[in-house]
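Working through the structure, step by step
One-letter residues, chain by chain:
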Amino acid sequence: MALSLAVSPCPNDTFVFHALIHGLVDGAPEIDLTFADVDVTNTAAERGEFDLVKVSYAALPWLLDKYELLHCGGALGRGCGPLVLTREPRADLTGATVAVPGDRTTAYLLMRLWSEGKPPAKIEVVPFHQIMPGVADGTYDAGLVIHEARFTYQRYGLTALADLGEWWEADTGLPIPLGAILARKGTVDPAQATEWIRESLRKGWLDTAASQEFILANAQEMEPAVVKQHIELYVNEFTLELGKDGLAAADALLGRAAAAGLTPAVPSLIS
């Protein structure tokens, strides 16, 4: 029986899961793949729609009753945080209309924590590819962006009001927890799934050329140089193993969010 997997078409996900998706991991089941933006997978996971799914760490409080967090395959790191972009210089987001990629994304949660006391006037959830053009043409006063936008936002004449990763790291000393991989309880053995994903990642690192065609075909018109930067930044030691720092980062994010009344409280992820 095929295992349903939902990830984004972003290069870090297609790199990590290439071997698993293509039947190159010994002992792993056939994969029924769905590509979707993280705002879609956050909502779908709440309905229990996928066996393995990439979601935002910020969405975990609504998902851990149905899913178990895997300690591999996700997106954490340093120097890779979301950016708050503007066209015109401004000191903060007071009174601003801000385009965000989802209301349960880690990026949005970080922005809410960062802007506490000086919140924007209005939030609009917008497909990711529309955010930078919308800020550039004045539709929005600011935009919250992730991933490859770190390398391309200057092309739109935009400036970074805040690097939320830098803010988070300076405040906590921890990496920034962005995307998590979850396994549906009662359907997927977490230990097995962890080994499948780790083996897929190892194969990706061992032969980077093998996945290039697949990655570029799904990279939403990203040029190869940007794709390479993207993978090098978001596929790292935390992708292979969350470890103590990765789990501490997730705990810190969810603990602060609950303390601020932004999400339900969850038990510590550190066993």
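Please read these numbers as outputs of a predicted model, since none were measured by experiment.

Another aspect to go through is the overall build of the protein. Along the protein, the regular secondary structure elements total eleven helices and eleven strands. With the C-alpha coordinates aligned to their principal axes, the bounding extent of the protein is approximately 55 × 40 × 30 Å. A sequence separation of at least 24 residues applies to 78% of the contacts in the protein between residues at least 6 apart. Across the protein, the mean location of the 20 positive side-chain charges is 4 Å away from that of the 35 negative side-chain charges.

A word on the pairing of strand E9 (residues 142-145). Burial along E9 is two-sided: the face carrying Ala142 and Leu144 and the face carrying Gly143 and Val145 are both buried. Bridging between strand E6 (residues 83-86) and E9 involves four bridges; their strand directions are antiparallel. Bridged to leucine 85 within E9 is glycine 143. Here strand E7 (residues 97-100) runs beside E9; their pairing, made up of two bridges, is parallel. When the bridges of E9 are listed, valine 98 appears paired with alanine 142.

Once that is clear, we can look at the sheet that holds strand E10 (residues 159-163). Spatially, five strands are ordered E8-E7-E9-E6-E10 in an open sheet, and the strand pairing comes out mixed. Two strands close off the open sheet at either side, each with one partner strand: strand E8 (122-125) and E10. Going from strand to strand, the sheet's axes swing by 25° on average, the running direction of each strand aside. Alignment of E7 against E8, held across four bridges, turns out to be parallel. Within E8, the residue paired with alanine 99 across the bridge is glutamate 124. Packing of helix H6 (residues 164-172) onto the sheet brings it into contact with E6, E9 and E10, and relative to E10 it is tilted by some 25°.

Nonpolar side chains tend to gather and get buried jointly when the protein is soluble and globular. Among the nonpolar cores identified, the biggest contains 62 residues, and Tyr57 and Met111 are the most heavily contacted of them. When residues in this core are grouped by element, the largest group, seven residues, is from helix H11 (residues 243-259). Both of domain 1 (3-77 + 176-260) and domain 2 (83-172) provide at least three residues apiece to this core. Among the nonpolar cores identified, the runner-up in size contains 29 residues, and Ile31, Cys72, Ala193 and Trp196 belong to it.

Those residues of helix H2 (residues 38-46) that fall on the buried side of the exposure criterion are Thr41, Asn42, Ala44 and Ala45. As for H2, its buried residues are in contact with strand E1 (3-7), strand E3 (52-56) and strand E4 (67-69). Among the residues trailing H2, glycine 48 stands out with phi positive, at a value near 70°.

Examined at the domain level, the protein breaks down into domain 1 (3-77 + 176-260) and domain 2 (83-172). Relative placement of domain 1 and domain 2: their C-alpha centres are 23 Å apart. With 28 residues of domain 1 at the interface, the matching set in domain 2 holds 22 residues. Summing both partners gives a buried area of about 2,200 Å² for domain 1 against domain 2, and 65% of it is carried by carbon and sulfur. At the junction of domain 1 with domain 2, the criterion picks out three salt bridges. A salt bridge links arginine 256 to aspartate 171; its shortest N-O distance comes to 2.5 Å. Linking domain 1 with domain 2 are seven residue pairs in polar contact (both at pLDDT 80 or more). Taken together, the residues that form the side of domain 1 that touches domain 2 break down as 18 nonpolar, six polar and four charged.

Criteria and thresholds
- Residues numbered from 1 in each chain as written.
- Predicted model: local features only at pLDDT ≥ 70, side-chain atom pairs only at ≥ 80, totals over all residues.
- Heavy atoms only, no water.
- Helix = DSSP H or I, 4+ residues; strand = E, 2+ residues; numbered from the N terminus.
- Contact = heavy atoms within 4.5 Å.
- Lys, Arg positive; Asp, Glu negative; His and termini not counted.
- Charge placed at Lys NZ, Arg CZ, Asp CG, Glu CD.
- Buried < 20%, exposed > 50% of the residue type's maximum accessible area, 1.4 Å probe, protein only.
- Pairing = 2+ DSSP bridges.
- Axes fitted to C-alpha atoms, helices over the stretch in contact; angles between N-to-C directions.
- Core = buried A, V, L, I, M, F, W, Y, C linked by side-chain atoms within 4.5 Å.
- Domains from an automatic or database assignment.
- Buried area = accessible area lost by both parts, 1.4 Å probe.
- Salt bridge = Lys/Arg side-chain N within 4 Å of Asp/Glu carboxyl O.
- Polar contact = N/O pair within 3.5 Å; in protein donor to acceptor, adjacent residues only side chain to side chain.
- Nonpolar A, V, L, I, M, F, W, Y, C, P; charged D, E, K, R; others polar.

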